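# Structure at a glance
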Amino acid sequence: MSALRIVNGRVYDPINDVDGEIREICVADGKIVAEAPPEAKRIDAQGMVVMPGGVDIHCHIAGPKVNLARKVQPEDHRHDVHPRTAFTRSGTGGTVPSTFATGYRYATLGYTTAMEAAVPPIGARHTLEELNDTPVIDKGFYILMGNNVLLMQFLKEGRLEDFRNAAAWWLNATKSYTLKLVNPGADGAWKGRRNANITRMDEKVPEFEVTPRQIVKALVDVAHDLGLPHPAHIHCNNLGHSGNFETTLETMRAAEGRRAHITHVQFHSYGGEPGRLPTSKAAEIAEFVDAHPNISCDVGQVMFGKSTIMTADAPLAYLLRDYTSDRRWVNADTEHESGCGIIPFDYQEKVYTHALQWAIGLELFLLSKDPWRMVLSTDHPNGGSFMSYPKLIRLLMDSEFRKRELGRVNRKAVRNSVLMDGLDREYSLQEIAIITRAGPARILGLANKGHLGAGADADITIYEENPDKELMFSAPRYVIKDGRLIIEDHEFRCDHQGRILHVAPAYDSAVEDVIRPFFEDYYSIQFDNYAVDAHYIPRNEVIPTGDDG
Ligand SMILES: [Zn+2]
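As the structure is a prediction and not an experimental result, all values here were calculated from the model.

Our next topic: the environment of histidine 380. Of note, histidine 380 is situated in the loop between β20 (374–375) and α13 (389–397). Taking C-alpha positions, histidine 380 is 27 Å from arginine 253, a pair spaced 127 residues apart along the chain. Polar contacts involving the side chain of histidine 380 include one to the main-chain amide nitrogen of phenylalanine 386, which spans 3.0 Å.

Here it is as C-alpha cells:
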C-alpha cells in the first residue's frame, strides 16, 4: 500500500495536544506511523491546515425513512444532479442525496466517518445495503430501542436480565453501533390511541405500563453494562415543544451519573408555555451539561433554507405537518419497533421560531465551556444539510460575520437570545477540530479516529488557510482515507469503499428462545430470517466493547 509524508503543514490534533504546530505526518498501510518509508509520496502542506478526517456523530443518510424522503421530493433529483467523473459515480443531491452522492459530498468537505442515527432494527438490511453503497466514508448506525414492544414488556415485568440480553442480541442481529431512544415510550401511545403523546418523564405509558424515565434509565444502564463504546443516544421527549428544557434536564438526570448522549439538544432547549411561542433556555442547558461530565451532546443546529424533517418521532411529524405550505407529509409505523415521519421543510430568517432555533443552536455552541461534549451537528437533514457545515463553522469562528447574519433575522428572536449581549466568542481552529472530529470520535469511543497519533486510521484532511472560514472548510485541497489520496488539488483521484463500524457485545444466547415466540406471534418476518448475516458487511470493523476492549 502507498505511503505518504505530509510536510510543512500546520497540524491541529487536539487528542494529542498538538495545536497548530508545524509537524510532519507520516502514513503507511492505511495507518498513521511515526516514520514513513523513503519512497513515500511527499505532500507539501505549506500554508495549509492538517486535521484528522471529520466525524459526524448524528445524521440521517441511509435506510427506509431516508429512502422515503428521497421519493417524496423528486424535484430535488432534477435540480441537483451530481455528475459522474472518471473515478466516481453519479447521483442526485438536494437535502437527501442519493447514496453515492452522500459519500462523495461528505468527502469533499473532509469528512471521513458518519453515523446514521435512527434505524428500526427491522430496517437493518436496507440500511446496510445503502451504507455499503455510500463511498469513501466509514459508517455505522444506531437502532431504535426506546419504543420496542418486547423490551417494554421485559421492563414492565422487571426482567432486566432478559432486557439486557435481548438488547445485546438486537445489536448483534443488526450489526449496529448503539442503542437509540426517540421520544421514549411515546410510540405506544401514538399507535394505540389516535394522536396521543407522552409528555412527562414520570407519566406511565398505558400501553407499556412504564415511564419514559424508567426507559431512559434502563437503556443507559444496558449500554453501560454491555460496555458499548458509545452510550445510549437519546432524542428526549417533547422535541420542539415550548417549555421542553425541563424534560431535557430530567432526561439527563435520569442517567444518574452514567454516560448518556443527548442528541440535537438545540431542539430540546426551549422555554415558554406549551402551545405558546418558545423562548431560549440554552444557558440553563449549557450550564447543566458543563457541570455533568457524564453527559455529551450534539447541537442539531438549524440552518436557514431547505431541510427535510425526518424522524422516528411520529407525533412530532403529525404536529409539524400543519406548519408547512408544502403539504407533503409521511407518517408510518414500523411493526413493534418504531414510528416515522417525513416532511419537506424550509427554515426562514424572518420567522420568529425558526430564527430563535437558529440562535439557540449558536448560543449552545458559544455558552458551552467544554467543546469536547457539545459537538457539531445539524441533525442532517433535519436542521439543514451537512453541506452547510462550512457556513456553520464560519458563524462560530467569525463574530463580525455572525453579527451581520444576526441583522438579517427576525428581530424579536434576536432580542430573546443573548447573542447580541457581548457574546463575541470566536472558536479557534483547535476548537473546530474538537467539535468536528476529535470530540465526536471520543464520544463514539472510536480510538483510531479523530486524531493523528501513530496507530490511528490514516483519515486526514488538508485545508488551504483562508480568512474566509466558510470557503476554507468548503473545499479541502487533499482528503486522505485509509492512507489513500482520494482528493488531490480539490479533485477526486480515485474511488474508495469505507467500512461498516459495529459492535458485537456478548450475551446469553438462551434469550433467543425467549424472543422467538414473540416473533412467531407478532412479527411479519420469521425469527430465523431476521438477523443480518456477514454478506451484508463485506467490509467491516468490530469496535470493542468493555469486556474485550
Ligand atoms: Zn436525528
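Further remarks concern the pattern of salt bridges. A side chain with one charge may pair with a side chain of the opposite charge, provided their charged atoms come close. Scanning the entire structure with this criterion turns up 47 salt bridges. Note that glutamate 250 is salt-bridged to arginine 253, the shortest N-O span being 2.6 Å. Highlighted residues: glutamate 250 and arginine 253, both in helix α9 (residues 245–254), separated by three residues, approximately one helical turn. When its relative accessible area of 23% is taken as the criterion, glutamate 250 is described as partly exposed. Residue class for arginine 253 comes out partly exposed when judged on its relative accessible area of 42%. Between glutamate 488 and arginine 493 there is a salt bridge; the shortest N-O distance is 3.3 Å. Taking relative accessible area as the criterion, arginine 493 reaches 35% and is therefore assigned partly exposed. When salt bridges that share partners are traced, they join Lys31, Asp138, Lys449, Asp457, Asp459, Lys481, Asp482, Arg499 and Glu541 into one network.

Reading across the sheet, the three strands line up as β17-β19-β18 and stay open at both edges, with antiparallel pairing between neighbours. Each edge of the sheet is formed by a strand with only one pairing partner; in this case those strands are β17 (305–311) and β18 (330–334). Averaged over all pairs of adjacent strands, the angle between their axes in this sheet comes to 15 degrees, without regard to strand direction. Bridge analysis of β17 against strand β19 (residues 338–347) gives seven bridges, and the strand direction is antiparallel. Residue pairing for β19: lysine 306 is matched across the bridge by aspartate 346. Sitting on the sheet, helix α1 (residues 64–71) touches β17, β18 and β19, and the angle it makes with β19 is about 40 degrees.

Protein-derived coordination of the zinc ion comes from His58 (NE2), His60 (NE2) and Asp379 (OD), at a distance range of 2.0 to 2.1 Å. Counting gaps between the donor residues of the zinc ion yields the pattern H-x1-H-x318-D. An identical accessibility class is assigned to histidine 58 and histidine 60; each is buried.

It is worth spelling out the environment of valine 33 at this point. Inspection of the secondary structure puts valine 33 in strand β3 (residues 31–33). As for valine 33 and tryptophan 358, which are separated by 325 residues in sequence, their C-alpha atoms are 41 Å apart. Among all residues touching valine 33, those that are not within four sequence positions of it are Cys26, Val27, Ala28 and Ala454.

On inspection of all chains with the given rule, the structure shows two cavities of 30 Å³ or more. Together, Pro121, Ile122, Gly123, Ala124, Arg125, Ala173, Thr174, Ile525, Tyr530 and Val532 line the largest cavity. Split into classes, the residues belonging to the lining of the largest cavity amount to seven nonpolar, two polar and one charged. Of all the elements, α13 adds the most residues to the lining of the second largest cavity, at three residues. Grouping the constituent residues of the lining of the second largest cavity by class yields seven nonpolar, no polar and no charged.

Buried together is how nonpolar side chains tend to be arranged in soluble globular proteins. Core analysis: the largest hydrophobic core is formed by 138 residues, its most contacted members being Trp170 and Leu179. At ten residues, helix α12 (residues 352–367) tops the list of elements feeding residues into this core. Contact partners of leucine 179, with chain neighbours within four places excluded, come to Ile143, Met145, Ala167, Leu171, Leu219, Val222, Ala223, Leu228, Pro231, Ala232 and His233. Listed in part, the 19 residues of the second largest apolar core include Ile32, Ile43, Met48 and Ile460.

Let's shift gears to unusual backbone geometry. Look at the link from histidine 380 to proline 381: it is a cis peptide, with omega at -5 degrees. Secondary-structure assignment places proline 381 in the loop between β20 and α13. In this structure, glutamate 335 takes a positive phi of about 45 degrees despite not being glycine. Relative to the assigned elements, glutamate 335 resides in the loop between β18 and β19. With relative accessibility at 30%, the residue glutamate 335 sits in the partly exposed group.

This paragraph deals with the side chain of threonine 461. Note on placement: threonine 461 falls in strand β21 (residues 460–464). Non-local contacts of threonine 461, meaning those with residues more than four positions away in its chain, are made with Val49, Val50, Met51, Pro52, Gly53, Gly54, Gly110, Arg437, Pro476, Tyr478 and Val479.

We now examine the pairing of β18. Bridge analysis of β18 against β19 gives five bridges, and the strand direction is antiparallel. Opposite valine 330, over in β19, you have isoleucine 342 as the bridge partner. A loop of three residues connects β18 with β19, the two strands running antiparallel in sequence, and glutamate 335 in this loop sits at a positive phi of about 45 degrees.

Before going further, it helps to spend a moment on the packing of aromatic side chains. With the rule as written, the count across this model stands at 21 aromatic pairs. Both rings, one in phenylalanine 519 and one in tyrosine 523, keep their centres 3.9 Å apart while their planes meet at 5 degrees; by these two values the pair is stacked. Residue phenylalanine 519 is classed as buried on the basis of its relative accessible area of 1%. Tyrosine 523 gets classed as buried once you look at its relative accessible area, which sits at 9%. Look at phenylalanine 519 and phenylalanine 527: their rings are 5.4 Å apart centre to centre, the planes differ by 80 degrees, and that puts the pair in the edge-to-face class. Phenylalanine 527 carries the same exposure label as phenylalanine 519, and that label is buried.

Rules behind the numbers
- Residues numbered from 1 in each chain as written.
- Predicted model: local features only at pLDDT ≥ 70, side-chain atom pairs only at ≥ 80, totals over all residues.
- Heavy atoms only, no water.
- Helix = DSSP H or I, 4+ residues; strand = E, 2+ residues; numbered from the N terminus.
- Polar contact = N/O pair within 3.5 Å; in protein donor to acceptor, adjacent residues only side chain to side chain.
- Salt bridge = Lys/Arg side-chain N within 4 Å of Asp/Glu carboxyl O.
- Buried < 20%, exposed > 50% of the residue type's maximum accessible area, 1.4 Å probe, protein only.
- Pairing = 2+ DSSP bridges.
- Axes fitted to C-alpha atoms, helices over the stretch in contact; angles between N-to-C directions.
- Contact = heavy atoms within 4.5 Å.
- Donors = N, O, S within 2.8 Å, 3.2 Å for Na, K, Ca; no water.
- 1 Å grid on protein atoms, 1.4 Å probe; cavity = no way out; pocket = protein on both sides within 12 Å on 5 of 7 lines; lining within 4 Å.
- Points joined across faces, edges and corners; volume = space filled by probe spheres on them.
- Nonpolar A, V, L, I, M, F, W, Y, C, P; charged D, E, K, R; others polar.
- Core = buried A, V, L, I, M, F, W, Y, C linked by side-chain atoms within 4.5 Å.
- Phe/Tyr/Trp six-rings, centres within 6.5 Å; stacked < 30°, edge-to-face > 60°.

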